[in-house]
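Inside the fold
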Amino acid sequence: MRVVLLGGAGALAGRSGRFGGMGLTLVRDAVPRLVLVPVAFRLALFLQVVWSGGPFDAPVLWIAIALYLVPNLLEVAWVFRRATGIRPVLTADTAYTLVTSFAAAVFATHSPELLTLAWPNIMGTVMVWTLLRGAPAGTVAIAGALLLRYGMAAVSGTSAPATWILLALVAAVVTALAIVLLVAGSVRFALGLGEQRGRAAERERHRRHVHDTVLQVMESLALPAPGDALDPRGSLDEVRRTARAHALRLRLSLDGDAPAEPGGLEHRLGALAVEMTADGLRVDLVVLAKPTDVPEAVVNALHDATREALRNTLKHAKTAKAVVCLEEREGVVTVSVRDHGAGFDLGAHRAGFGIENSIHARMAEIDGAARIDSAPGHGTRVVLTAPLKLGFPVG
């Protein structure tokens, strides 16, 4: 917190890199918008001065609106609409305060009220420097504000009592520092919480990967095959080939060099059908409406969830055939897996790891959904739906 007090929100942006690129980008984008706090302060004081100052002459009121109200509203719009850095904000805000303050001093001979209206701008600029650059910059801004106020008094021919000016500026700096500490604590808590959740999500993805690869392959190897008794040597060779292939895939995955599987969703589901047929489950792929431009994250999620559904059919359904249907309608792609096997009672069975994590959780990550319909003796139907356009990054 000491670094934040000395460096302000700029130091907060500089120290957020330990949370990764996304956290650093979020903080840097948010820091310039702290200028909205002193701008809101200016507008509130402007309205208070106008309200308590009694009726203003029409020319004075229009000059005040042109010098104070409109520029501050434009500054709010500018900060929101543009990816503004700290330096442009400081430069623009300081230049605005200098111009309006000396303009108010020039016109003060005819309208002394303008000097009172200029004071919120000066305090706001002191707060901006303190918020973005820390306590040392706020101290320098106080000295600059005092010189500016005496310069305005010299131009307008009025006096500038130093005591209340200094106390008001110190109060503005203290308020700004309190805001910086609050923002620093909030950002640290938010980024730390995001880091924890990211680690938990990564652990969950690792568990899911192990379940969908190593565990599924080991269970498939343990299933009896019709050729075991007729050709035990051939069955053993098949087991070895399968083990070597999956061991190679797992090694490449651990090394981070696993090649991306080619083709779109239809191609991936076709390859999955071939894989399951080799394992003893005949899978027919039916394309009702071919989807186009499916995001890679959606392709991966639908492919992996379909594989989990087919693996469950192979292990539990007591059938040798399943049908996979693919279609796209009104921006939603649907994959359904149907078998006429043993089925099960949804209410009597607690969803296992594969259904909860490899199907439901995987579809939820892409803003999709999964529905499972089954009944004893009537088979099982798994329906997976996902949008073609993702509203957020996945992974």
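If you're wondering where the values come from, they're calculated on a predicted model, not measured in any experiment.

Overview of unusual backbone geometry
Trans is the prevailing form of peptide bonds, just as negative phi is the prevailing case for residues other than glycine. Even without being a glycine, Lys 318 presents a positive backbone phi close to 55°. Positionally, Lys 318 belongs in the loop between α12 (296-316) and β2 (321-329). Its identity is not glycine, yet Glu 330 carries a phi of approximately 55°, on the positive side. Mapped onto the elements, Glu 330 comes out in the loop between β2 and β3 (332-339). Residue classification places Glu 330 among the exposed residues on the basis of a relative accessible area of 77%.

Some remarks on helix α7 (residues 135-156)
One full turn of an α-helix is made of 3.6 residues, so residues set three or four places apart face in the same direction. Across its 22 residues, α7 extends 31 Å between first and last C-alpha, which sits within 8% of the 32 Å expected from 1.5 Å per residue. If you check which residues of α7 are buried, you get Ala 137, Gly 138, Ala 141, Ile 142, Ala 145, Leu 148, Arg 149, Met 152, Ala 153 and Ser 156. Mapping the buried residues of α7 onto a view down its axis gives an arc of 150°, with all of them on the same face. Turned more than 90 degrees away from the buried face of α7 sit Thr 139, Val 140, Leu 147 and Ala 154, all of them exposed. The positive-phi residue at the C-terminal boundary of α7 is Gly 157, with phi of around 75°.

A look at the sheet that holds β3
Spatial ordering of the open sheet is given by β1-β2-β3-β5-β4, a layout of five strands whose pairing is mixed. If you trace the sheet from one side to the other, it starts and ends with β1 (282-287) and β4 (369-374), each paired once. Averaged over all pairs of adjacent strands, the angle between strand axes in this sheet comes to 15°, irrespective of strand direction. Here β2 runs beside β3; their pairing, made up of seven bridges, is antiparallel.

Some points on the UniProt feature "transmembrane region" (unreviewed entry) in the protein
Here, UniProt's "transmembrane region" (unreviewed entry) annotation points to residues 60-80, 95-119, 131-152 and 164-191. Helix makes up 80% of residues 95-119 and strand 0%, and the two end C-alpha atoms of the span are 15 Å apart. The distance separating the terminal C-alpha atoms of residues 131-152 is 25 Å; by composition the span is 95% helix and 0% strand.

Rules used throughout
- Residues numbered from 1 in each chain as written.
- Predicted model: local features only at pLDDT ≥ 70, side-chain atom pairs only at ≥ 80, totals over all residues.
- Heavy atoms only, no water.
- Helix = DSSP H or I, 4+ residues; strand = E, 2+ residues; numbered from the N terminus.
- Buried < 20%, exposed > 50% of the residue type's maximum accessible area, 1.4 Å probe, protein only.
- Expected span 1.5 Å × (residues − 1).
- Arc of directions from axis to C-beta.
- Pairing = 2+ DSSP bridges.
- Axes fitted to C-alpha atoms, helices over the stretch in contact; angles between N-to-C directions.
- UniProt positions renumbered as here; feature names shortened; annotations may be inferred.

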